[in-house]
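Secondary and tertiary structure notes
One letter stands for each residue in the lines below.
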Amino acid sequence: MPTVRIEPSGFVAHLQPGEPVLAGLNRCGFTVRQVGCRRGGCGFCKIDLVAGEVTYEKTVAESVLSAEEKTSGTCLTCRAIPEGDITLQIDNEDVSAKPTGLMKYLNQAVCGPTKE
Amino acid sequence: MGVMRMGYAHVRVTDMGEAKDHYANTMGLYETRSDVTAEGNKRTFYKGWDEWDHHSVVLEEGGVGVVKYGWKVEYEHDLEDIEKKAREFGLTVERMSKGDNPEIGDGIRFTTPSDHVFEVYHEATAIGTEVGTHNPDAFPRHLVGVGAPALDHSLITAEDPALMQSMLEQVFGFFATERVQTSLDDDAHLIATWMTSTNQIHQLAVLEGPQSKLHHFAFRLGDWNEVGRAADLMAMDDVPIDVGPTRHGITRGQTVYFFDPSGNRNEVFAGGYLAYRDRPVSVWTPEQLGKGIFYHARELNDRFTTVLT
Ligand code: FES
Ligand SMILES: [Fe+2]
């Protein structure tokens, strides 16, 4: 199972094979605030990819994610599917650094009781 | 009377298979044609059950956003009239011929000051509603999903909404029913305008934003219950809901905003009071804009105002 590591908090989401990054983050208790259409059309959900690789199984319009962005570490999270483990850099409040409130139970259910 | 309604919205989708599933099975539109353009793009044409013309929604594969809108006029001579007014306004107008769009007659085409393509036409192949005209029943018995009866309106963005408002007034004879502006002063800056040519509360709204973009296009529903039921169906079909069910302060309509499989925003819209040319325009100012857009939550978010295709 690919993992998504969130820097700088160090929290990890465990994704299912073929699962898009955004769906996996949600399932693992992360609140992603920077989300638009969830369908690859608006470009609102881009997050910096600092390690690992992602692929796109569904067609993404060039106007949303350019070929250059695809290769230069921009992850369109609602459509990106990790190829192995990846690390996302989140320097702002767009994704809660750690699952809190009831969200922590979602994270524990998938990722175990403590952070890695 | 000139323009009667928005006859069609022609939009781009990234994947025709997924788009068809959404528009046919979730929205319940009736497919009336599918073909491939000269450039090799797949297209699908749809109508709602209570629409009589051949199509009101055209999907074209390749990209996202809006290709163009079609506006249907009542009389053939309205075309000349609108052509003349468009030229007087300073627009470049071209003629379009019967068949440029399947099942649509001769007309004119121009690019608006907001960089959207508008086509104006008088004839469309009549298919008839799904209930017919002779002793018609209230609705078709076997609707699919939401079962949207008709296309209702659209919201687009423009760098200069005031210029679009002037164009719609002068070229189409539209009038504003509601506006958002920076203040009540005469020299206030226009932020958004809701416009129509009939009793329908709006056919096209224009919001300040980037040129040529689509905010949403909307399907008509009967009432609150249908809006709620549509949201339930979206949950069943894993359609991402943007906002709602809620009410708009502006227009008083009841709504759900959601996204099609390509990320184009759709809406289902019910209610809205009757528009009249002599009804005083409702004006909203920024301190109550949240309530104007989302009457219950009264809070505007980034996503609603900046997520566009
Ligand atoms: S949320 Fe719109 S592209 Fe990802
Ligand atoms: Fe709307």
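That block above? That's the structure.
The rules behind the values
In every chain, residue numbers begin from 1 and rise along the written sequence. Written order determines the labels here, with chains lettered from A and ligands numbered from 1. Predicted model: local features are reported for residues with pLDDT of at least 70 only, side-chain atom pairs are reported and counted for 80 or more only, and whole-chain, interface and lining totals are derived from all residues. Think of the side-chain values as coming from all heavy atoms in the structure, minus any hydrogens and water. The salt bridge criterion pairs a side-chain nitrogen of Lys or Arg with a carboxyl oxygen of Asp or Glu, the two atoms within 4 Å. Each helix is a run of DSSP H or I of at least 4 residues and each strand a run of E of at least 2, with the numbering of both proceeding from the N terminus. Only protein chains enter the accessibility calculation, which uses a 1.4 Å probe; a residue is then buried when its area is under 20% of its type maximum, exposed when over 50%, and partly exposed in between. Contacts between residues were defined by any pair of non-hydrogen atoms, one from each residue, lying within 4.5 Å. Buried surface area refers to the total accessible area, computed with a probe of radius 1.4 Å, that the two partners give up upon joining, counted for both partners together. We define a polar contact as two N or O atoms separated by no more than 3.5 Å, with the added condition that, inside protein, one atom must be a possible hydrogen donor and the other a possible acceptor, whereas residues neighbouring each other in sequence contribute only through side-chain atom pairs. Three residue categories are used. Nonpolar comprises Ala, Val, Leu, Ile, Met, Phe, Trp, Tyr, Cys and Pro, charged comprises Asp, Glu, Lys and Arg, and polar comprises the others, including Gly. What makes a nonpolar core is a set of buried Ala, Val, Leu, Ile, Met, Phe, Trp, Tyr and Cys residues whose side-chain atoms join them at distances within 4.5 Å. Domain limits in this description derive from either an automatic procedure or a database domain assignment. Here the coordinating atoms are restricted to nitrogen, oxygen and sulfur within 2.8 Å of the metal centre, or 3.2 Å for Na, K and Ca, and because water is not among them the sites may look incomplete. Two strands make a pair as long as DSSP finds a minimum of two bridges between them. In this analysis, axes come from line fits to C-alpha atoms, helices being fitted only over the stretch in contact, and the angle between any two N-to-C directions falls in the range 0 to 180 degrees. Under the pairing criterion, centres of Phe, Tyr and Trp rings, with the six-membered ring standing for Trp, must be within 6.5 Å; the plane angle then separates stacked pairs below 30 degrees from edge-to-face pairs above 60, leaving the rest tilted.

**A few points about the pattern of salt bridges**
All names here are of chain B. The full count for this structure, using the stated rule, is 21 salt bridges over all chains. For D242, the salt bridge goes to R303, with nearest N and O atoms at 2.7 Å. Here D242 is found in strand β14 (residues 241-247), whereas its partner R303 is found in helix α6 (residues 302-306), with 61 residues between them in sequence. Look at D242 and you get buried, because its relative accessible area is 6%.

**Considering the interface of chain A and chain B**
On the side of chain B, 18 residues touch chain A, which itself brings 15 residues to the contact. Between chain A and chain B lies a buried interface of about 1,100 Å² when both sides are counted; carbon and sulfur atoms form 57% of it. When the buried surface of chain A facing chain B is broken down by residue, C37, R39 and F44 of chain A rank first, second and third, together holding 41% of it. The tally of links between chain A and chain B comes to 1 salt bridge. K58 of chain A is the salt-bridge partner of E18 of chain B, the closest N and O atoms lying 2.7 Å from each other. The tally of links between chain A and chain B comes to 3 residue pairs in polar contact (both at pLDDT 80 or more). Broken down by class, the residue content of the side of chain A that touches chain B amounts to 6 nonpolar, 5 polar and 4 charged.

**Re the nonpolar core**
Residues and elements named next belong to chain B. One finds F110, F118, L168, F172 and V268 to be the most contacted residues of the largest nonpolar core, which totals 55 residues. Two domains share this core, each providing at least three of its residues, namely domain 1 (3-121) and domain 2 (150-306). Ignoring sequence-local partners within four residues, the contact set of F118 consists of Y69, W71, I108, R109, F110, T112, M164, M167, L168, F172 and L204.

**Section: the coordination of the iron ion (ligand 2)**
Residue and element names in this part refer to chain B. For the iron ion (ligand 2), the full set of protein donor atoms is H153 (NE2), H216 (NE2) and E267 (OE), at a range of 2.0 to 2.1 Å. Sequence spacing of the donor residues for the iron ion (ligand 2), all on one chain, is H-x62-H-x50-E. Of this pair, H153 sits in strand β9 (residues 150-158) while E267 sits in strand β16 (residues 265-270), and the two are 114 residues apart along the sequence. Taken individually, H153 and E267 each receive the classification buried, so the pair is uniform in this respect.

**What about the pairing of strand β10 (residues 175-181) of chain B?**
Residues and elements named next belong to chain B. Counting buried positions over the 7 residues of β10 gives 7, a clear majority of the element. Taken together, the 3 bridges between β10 and strand β17 (residues 282-284) define a ladder with parallel strand orientation. Residue pairing in the sheet places E178 in a bridge with S282 of β17.

**Comments concerning the side chain of H248 of chain B**
The topology assignment puts H248 of chain B in the loop between β14 and β15 (254-259). Apart from the residues within four sequence positions on either side, H248 of chain B is in contact with G253, T255, Y257, E267, F269, G292, I293 and Y295 of chain B.

**What about the sheet that holds strand β7 (residues 107-111) of chain B?**
In a beta sheet, neighbouring strands pair by backbone hydrogen bonds and run either parallel or antiparallel. Residue and element names in this part refer to chain B. The strand order across the open sheet formed by 8 strands is β2-β3-β4-β1-β5-β8-β7-β6, and the pairing between neighbours is mixed. Two strands bound the open sheet, and with one partner strand each, they are β2 (30-36) and β6 (93-96). For this sheet the average axis-to-axis angle between neighbouring strands, irrespective of direction, equals 20°. Contacting β1 (3-13), β2, β3 (42-47) and β4 (57-61), helix α1 (residues 16-26) crosses the sheet at an angle of about 5° to β3. Contacting β1, β5 (65-73), β7 and β8 (117-121), helix α3 (residues 161-172) crosses the sheet at an angle of about 15° to β8.

**Some points on the packing of aromatic side chains**
Taken as a whole and assessed by the stated rule, the structure comprises 16 aromatic pairs over all chains. Ring geometry for F11 of chain A against F30 of chain A: centres 6.4 Å apart, planes inclined by 80°, an arrangement best described as edge-to-face. Remark: F30 of chain A occurs in the loop between α1 (21-27) and β3 (46-56) and F11 of chain A occurs in the loop between β1 (3-7) and β2 (12-14); sequence separation between them is 19 residues. One exposure class covers both F11 of chain A and F30 of chain A, and it is buried. Ring plane angle 25° and centroid distance 5.2 Å describe the contact between Y8 of chain B and Y121 of chain B, whose orientation is recorded as stacked. Here Y8 of chain B is found in strand β1, whereas its partner Y121 of chain B is found in strand β8, with 113 residues between them in sequence.

Functional significance is not addressed by these values, which are geometric in nature.
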